[in-house]
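For reference, the chains in residue letters:
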Amino acid sequence: MTGVPAVETRGLTRRYGDLVAVRDLDLRVEVGEIYGFLGPNGAGKTTTLLMLLGVVAPSAGRVFLWGRPLEADPLGLRARIGVVGEHDYVHDHLTGEEYLRFFAALYGVPDPAARVGALLERLGLWEFRRLCARDYSRGMAQKLALARALLHRPALLILDEPVSGLDPQGVVEVRRLLLELNEAGVTILISSHLLSEVERTAHRVGIMHRGRLLRQGPLSALRLEGGRAVEIEVAHPAPHLGTVLAALPYVGRVESEGRRLLVTTLDGEDRRAALSRAVADAGGVIVGMRVRERTLEETFLQVTEADVDRWASSPPGG
Ligand code: ATP
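A brief report on the enclosed structure follows.

1. Looking at the sheet that holds strand β11 (residues 212–218)
With respect to topology, six strands assemble into an open sheet ordered β7-β8-β9-β4-β10-β11, the strand pairing being mixed. Of all strands in the sheet, those with a lone pairing partner are β7 (81–84) and β11, marking the two edges. Here the average twist between neighbouring strands, direction ignored, is 15 degrees. Across four bridges, β7 lies against strand β8 (residues 156–160) in parallel orientation. Bridge assignment links G82 to a residue of β8, and that residue is L157.

2. Looking at unusual backbone geometry
Phi angles above zero are rare outside glycine, and R153 is one such case at about 50 degrees. Tracing the chain through its elements places R153 in the loop between α5 (138–150) and β8. For R153, a relative accessible area of 62% corresponds to the exposed category. Of note, R210 is a non-glycine position whose phi angle comes to about 45 degrees, a positive value. Position of R210 among the secondary structure elements: in the loop between β10 (204–209) and β11.

3. Observations concerning helix α1 (residues 45–52)
Taken across its eight residues, α1 has six buried, putting it largely inside the fold. Residues of α1 that are buried: K45, T47, T48, L49, M51 and L52. Immediately beyond the C-terminal end of α1, within one or two residues, lies G54, with a positive phi of roughly 75 degrees.

4. What about the nonpolar core?
Membership of the largest hydrophobic core comes to 47 residues, with the highest contact counts inside it found for L146 and L157. Take this core: its biggest share by element is eight residues, from α5. In this structure L146 touches V84, L123, L157, L159, V174 and L177, once residues within four positions along its chain are discounted. Counting residues in each nonpolar core, the second largest holds 25 residues, with V7, V22, V56 and L189 among its members.

5. Focus on the environment of M208
Inspection of the secondary structure assignment puts M208 in strand β10. The buried category is assigned to M208, whose relative accessible area is 0%. Between the C-alpha atoms of M208 and D111, which are 97 residues apart in sequence, the distance is 41 Å. Contacts of M208, omitting those with residues within four sequence positions, involve V22, L25, F37, L38, G39, P40, A43, G44, K45, T48 and L213.

6. Things to note about empty space enclosed by the protein
A complete count under the given rule lists three cavities of 30 Å³ or more for this structure. The space that makes up the largest cavity amounts to roughly 60 Å³. Every residue along the wall of the largest cavity is listed here: P162, V163, L178, I190, S192, L194, E197, V198 and T201. If you tally residues by element for the lining of the largest cavity, the top one is helix α7 (residues 195–201), at three residues. Taken together, the residues of the lining of the largest cavity break down into six nonpolar, two polar and one charged. In this structure, the second largest cavity encloses a volume near 50 Å³.

7. Let's talk about the site of the ligand
Taken together, 13 residues lie near the ligand, and N41, G42, K45, T46 and T47 sit nearest. Within the backbone of G42, one N or O atom sits 2.8 Å away from an oxygen atom of the ligand. Protein chains shield 61% of the accessible area of the ligand, which is 640 Å² for the free molecule. The greatest single-element share of the shell around the ligand, amounting to three residues, is contributed by α1. Classifying every residue of the shell around the ligand by side-chain character gives five nonpolar, six polar and two charged.

What counts and what doesn't
- Residues numbered from 1 in each chain as written.
- Predicted model: local features only at pLDDT ≥ 70, side-chain atom pairs only at ≥ 80, totals over all residues.
- Heavy atoms only, no water.
- Pairing = 2+ DSSP bridges.
- Helix = DSSP H or I, 4+ residues; strand = E, 2+ residues; numbered from the N terminus.
- Axes fitted to C-alpha atoms, helices over the stretch in contact; angles between N-to-C directions.
- Buried < 20%, exposed > 50% of the residue type's maximum accessible area, 1.4 Å probe, protein only.
- Core = buried A, V, L, I, M, F, W, Y, C linked by side-chain atoms within 4.5 Å.
- Contact = heavy atoms within 4.5 Å.
- 1 Å grid on protein atoms, 1.4 Å probe; cavity = no way out; pocket = protein on both sides within 12 Å on 5 of 7 lines; lining within 4 Å.
- Points joined across faces, edges and corners; volume = space filled by probe spheres on them.
- Nonpolar A, V, L, I, M, F, W, Y, C, P; charged D, E, K, R; others polar.
- Near = heavy atom within 4 Å.
- Polar contact = N/O pair within 3.5 Å; in protein donor to acceptor, adjacent residues only side chain to side chain.
- Areas by Shrake-Rupley, 256 points an atom, 1.4 Å probe, with all protein chains shown as cover.

The analysis is restricted to geometry; functional conclusions fall outside its scope.
Following this line, the structure appears as structure tokens:
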């Protein structure tokens, strides 16, 4: 996709004292896509999202929304965004319906009764509309927060861990809703640890680690990026095989569990013959081998662990 991106940051940086929470970030979310924003705890995702919303001021760098600098029209630009934070719970005495009606009035939503009703229905909250919102389960509260974020029909939805508190049914419902909204043209930026969920919905992903964006691109390209996953089954458990394989120059990570070894390779070559030889040389007997694309989780671990190794050998300066 080309054209003016929905979100673009240039050199975005945020320091807290000596800590660089976000470092020189060039994020790009295209209009109409679902972007998965990934990173381990403390990577800097929430700080980034808060800077996109103008809640946290950058130490350096700029934010552009639909091509306009955020500072040029913070209120106008923010009005086009719907947000659900990670801990967006409702603590007051309002019922679910009153809560949404309150925000609908605040946002000046036309025909608020119909809009609130439709969202309650769509999110499976209609039968609970008269229940006090603070008595909602975590999953219900999350759905209520999503309904609130959608009241004013935002063009961009920013979600921090949107399905983390939901039961499997809720996860499917929210996934369907997000895909439907995206079909209708809503751009969605999802920050999440749930890689399998992101893998099912996102078109492109960005991987953040220790404040820096290590990768950004289409999911398919990222998963394929050089490596594959090779599953090897050996006749007898042999823990030393993991160490032997991990030392090979074309091998990234090795996970060994009983008779199974999961090897991620670092390039696009077919390494089955070489891996078979290495296992045989180390006294292993292979009874099965399968090559497949890496999952997003395997790619994510590969990319972030390689970054940890790089840090250990040469930590970047503050
Ligand atoms: P998580 O997935 O756990 O929510 P995250 O990727 O959202 O993590 P951030 O919350 O953005 O990470 O935090 C990035 C770093 O900045 C962390 O080391 C955090 O402790 C630090 N940090 C965040 N906010 C502040 C603050 N207000 N004052 C000081 N340090 C902060």
